[in-house]
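Examination of the molecular architecture
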Amino acid sequence: MQFIDIHGHYAWDVDDGIPSKEDAIKALEIAKENNITTIVATPHVIPGSHTLDEIHELKERIQELKQLAQKQNIKVFEGCELFLNHDCIDSIQEGLFIPIENTHYLLVEFDVRKELGSSHEVEDFLYEIEVKGLTPIIAHVERYFKDGIDIDRIQEFIDSGYVIQVNASSLLGIHGKTVKKNAYDLIDEGLAHVIASDTHRCEGHRIPRLQETFDLLSKKYDYQVLKTLMYDNPEHILHDENVEDIEVKTSFFKKLLKRR
Ligand SMILES: [Fe+2]
C-alpha cells in the first residue's frame, strides 16, 4: 500500500525538525522506502513569534523541499503545525499560518507538556479557528492525556467537525505506554481519522516509519481501516473533502466487557 503523510517536519533548519538539507535528503529516502508518495511539510508555527516575512521564508523552504523530493518521486505540499496559545487568533487574523495546500484544513497542536484537564481553553481556540472558516486537524491527540483518553471530549471534537490525527510513533510505543494505549484506544473507538509520521529526524525513532506501522497494525485491524487512516483520509484532506469515519469491528468478547 502507498501512504500519504500529512504531518512532518521535513523542511530543514526551520524548527526542531530536520536540521540540514543532507538530513532532509536522507529522510526523503526513508519516506520512499516506506512507500510514502506524498508528504505535507508542516513546520511549527508559534503564534506571537513569527513575522509575515518568516512565514514567507517557511514557504520558500517548503518549495526547496519540493524540488528535492522530485528526485524520489515524492510530492510535497505546504502546511504548518500551529501551536494554540493566546496569540493564535491574532495570528490567524494576520495570516501568520499556512493551511494545508489550498484547502481549509489547518494542522494545530496543543502543549504536549500539559494535561488538557478541566480547562476548556483549547475548545475556545478551536471554535475561533472554525468561525474563521478553517477546519482544525488536531495533531497527535493521544499525547495530551496523561491519565487515559477522555472519549467524550474527543467525540465532542469530532462532532464539531474537527479531524483527529494520531502519530505513528505513538502506536510504535516511542512516547511511552500511556500514549501508546491512548493511540490504540482512539482507533479502537473509531475516534481517529488520520495516522501520520510527525517526522523530525532521518535516524532514530522519529523517522517516517509508516510501512512499519502499517505492518504492525495489520495484525489487529482490517486493511480498509488502515487504508482510510493512512491514505484515503489524507487524500480527502488534500482534495479539501470531508474525512470518513473508520469502522473498527469489535470482537464479541470486547462487546460483552463493554456492556458491564
Ligand atoms: Fe509535529
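Residues numbered from 1 in each chain as written. Predicted model: local features only at pLDDT ≥ 70, side-chain atom pairs only at ≥ 80, totals over all residues. Heavy atoms only, no water.

Inclusion rule: UniProt positions are given in the numbering used here, feature names are shortened, and annotations may be inferred rather than shown by experiment.
Per an unreviewed UniProt entry, the chain is named protein-tyrosine-phosphatase, and its organism is Longibaculum muris. Under the Catalytic activity (unreviewed entry) heading, UniProt states for the chain: "O-phospho-L-tyrosyl-[protein] + H2O = L-tyrosyl-[protein] + phosphate". Listed in UniProt under the heading Sequence similarities (unreviewed entry), the comment for the chain reads: "Belongs to the metallo-dependent hydrolases superfamily. CpsB/CapC family."

1. Some points on the overall build of the chain
The condition is simple: For the purposes of this entry, the term helix denotes a DSSP run of H or I that reaches at least four residues, the term strand denotes a run of E that reaches at least two, and both are numbered from the N terminus. The reference for a compact globule is 2.2 Å times residues^0.38; the radius of gyration itself is calculated from the C-alpha atoms. The rule is simple: take the accessible area with a 1.4 Å probe, protein chains only, and divide by the maximum for that residue type; under 20% is buried, over 50% is exposed, in between is partly exposed. Throughout, the Shrake-Rupley method with a 1.4 Å probe supplies accessible areas, and for residues the shown protein chains are the sole cover considered.
The helix and strand inventory of the chain stands at 10 helices and 9 strands. Relative to the compact-globule value of 18 Å for 260 residues, the chain shows a C-alpha radius of gyration of 18 Å, a close match. With the C-alpha coordinates of the chain rotated into their principal frame, the extents come out at 55 × 40 × 30 Å. For the chain, the residues scored as buried account for 53% of the 260 residues in total. Of the roughly 12,100 Å² of accessible surface on the chain, 47% is carried by carbon and sulfur atoms.

2. Here we look at the nonpolar core
Side chains of a nonpolar character, in soluble globular proteins, are inclined to be buried together. Defined as follows: The criterion is simple. A nonpolar core is a set of buried Ala, Val, Leu, Ile, Met, Phe, Trp, Tyr and Cys residues joined through side-chain atoms within 4.5 Å. Any two residues having at least one pair of non-hydrogen atoms within 4.5 Å are treated as being in contact.
Among the nonpolar cores identified, the biggest contains 85 residues, and Leu-82, Ile-138 and Ile-154 are the most heavily contacted of them. Among all residues touching Leu-82, those that are not within four sequence positions of it are Val-45, Pro-47, Cys-88, Ile-92, Leu-96, Phe-97, Leu-106, Leu-107, Val-108 and Glu-109.

3. Quick word on the coordination of the iron ion
Counted only if it meets this: Coordinating donors are taken to be N, O and S atoms lying within 2.8 Å of the metal, or within 3.2 Å when the metal is Na, K or Ca; because water is excluded from the atom set, some sites may appear incomplete. By the criteria applied here, four donors are tetrahedral when all angles lie between 85 and 135 degrees, four are square planar and six octahedral when opposite donors are over 155 degrees apart and every other angle lies between 65 and 115, and any other arrangement is irregular.
Around the iron ion, the protein contributes the donor atoms His-7 (NE2), His-9 (NE2), Glu-81 (OE) and Asp-198 (OD), at 2.1 to 2.3 Å from the metal centre. Taken together, the 4 donor atoms surrounding the iron ion define angles of 81 to 170 degrees at the centre, an arrangement classified as irregular. Here the donor residues for the iron ion map to a single chain with the spacing H-x1-H-x71-E-x116-D. One end of the pair, Glu-81, is in strand E5 (residues 81-83); the other, Asp-198, is in the loop between strand E9 (194-196) and helix H8 (210-217), and 117 residues separate them in sequence. Under the relative-accessibility criterion, Asp-198 is labelled buried at 1%.

4. Some points on the packing of H8 against helix H9 (residues 223-238)
Formally: An axis is simply a line fitted to the C-alpha atoms; with a helix, the fit covers only the stretch in contact. Between two such axes, the angle follows the N-to-C directions and lies from 0 to 180 degrees. Angle categories are assigned with fixed cut-offs, so that under 35 degrees is roughly parallel, over 145 is roughly antiparallel, 65 to 115 is roughly perpendicular, and the rest are oblique. For any helix crossing, the convention is left-handed if the near helix is rotated counterclockwise from the far helix by under a right angle, and right-handed if that rotation is clockwise. Gly is put with the polar residues, along with every residue not named as nonpolar or charged; the nonpolar set is Ala, Val, Leu, Ile, Met, Phe, Trp, Tyr, Cys and Pro, and the charged set is Asp, Glu, Lys and Arg.
At a closest axis distance of 10 Å, the pairing of H8 and H9 adopts a crossing angle of 155 degrees. As far as their axial angle goes, H9 and H8 are roughly antiparallel. The hand of the H8/H9 crossing is right-handed. Contact residues: Leu-210, Thr-213, Phe-214 and Leu-217 in H8; Tyr-223, Leu-226 and Met-230 in H9. For the contact of H8 with H9, the class distribution of residues is 6 nonpolar, 1 polar and no charged.

5. Considerations on the sheet that holds strand E1 (residues 3-8)
Across a sheet, paired strands are connected by hydrogen bonds in the backbone, their directions being either parallel or antiparallel. Applied cut-off: Should DSSP find at least two bridges between two strands, the strands are regarded as paired.
The strand order across the open sheet formed by 3 strands is E1-E2-E4, and the pairing between neighbours is parallel. Looking at strand neighbours, the two that pair on one side only are E1 and strand E4 (75-78), the edges of this open sheet. Neighbour-to-neighbour, the strand axes of this sheet turn through a mean angle of 20 degrees, independent of strand direction. As paired elements, strand E2 (residues 36-41) and E4 share 4 bridges and run parallel to each other. Bridge pairing links Ala-41 to Glu-78 in E4.

6. With respect to the pattern of salt bridges
Here is the rule: Note on definitions: salt bridges are taken to be side-chain nitrogens of Lys or Arg within 4 Å of carboxyl oxygens of Asp or Glu.
By the definition in use, this model includes 10 salt bridges. The shortest N-O distance in the salt bridge between Asp-111 and Arg-113 comes to 3.0 Å. You can call Asp-111 buried: its relative accessible area is 15%. Between Asp-198 and Arg-206 there is a salt bridge; the shortest N-O distance is 3.5 Å. Residue Arg-206 is classed as partly exposed on the basis of its relative accessible area, which comes to 25%.

7. With respect to the environment of His-140
This is how it is decided: Polar contact criterion, stated in full: a pair of N or O atoms within 3.5 Å, where within protein one must be able to donate a hydrogen and the other to accept it, and residues adjacent in sequence count only if both atoms are side-chain atoms.
By the element assignment, His-140 lies in the loop between strand E7 (135-138) and helix H5 (151-159). Residues His-140 and Ala-183, spaced 43 residues apart in sequence, show a C-alpha to C-alpha distance of 8.4 Å. Residues contacting His-140, with those up to four places away along its chain left out, are His-7, Glu-81, Glu-109, Val-112, Gln-165, Asn-167 and Asp-198. Within the structure, the side chain of His-140 is placed 3.2 Å from the side chain of Tyr-144, a separation counted as a polar contact.

8. Thoughts on the state of the cysteines
Chemically, a disulfide is nothing more than a covalent bond linking the sulfur atoms of two cysteines. Heads up, the rule is: Disulfide assignment relies on a single distance test, namely cysteine sulfur atoms paired within 2.5 Å.
This model, assessed by the stated rule, comprises 0 disulfides. Counting only cysteine sulfurs, Cys-88 is the nearest neighbor of Cys-80, a cysteine outside any disulfide, at a range of 11 Å.

9. Re helix H2 (residues 52-70)
Heads up, the rule is: Helix span, as expected, comes to 1.5 Å for every residue beyond the first.
The terminal C-alpha atoms of H2, which comprises 19 residues, lie 27 Å apart, in line with the 27 Å expected from a rise of 1.5 Å per residue. Tucked into the core, H2 has its buried residues touching helix H1 (21-33), E2, strand E3 (44-45) and E4.

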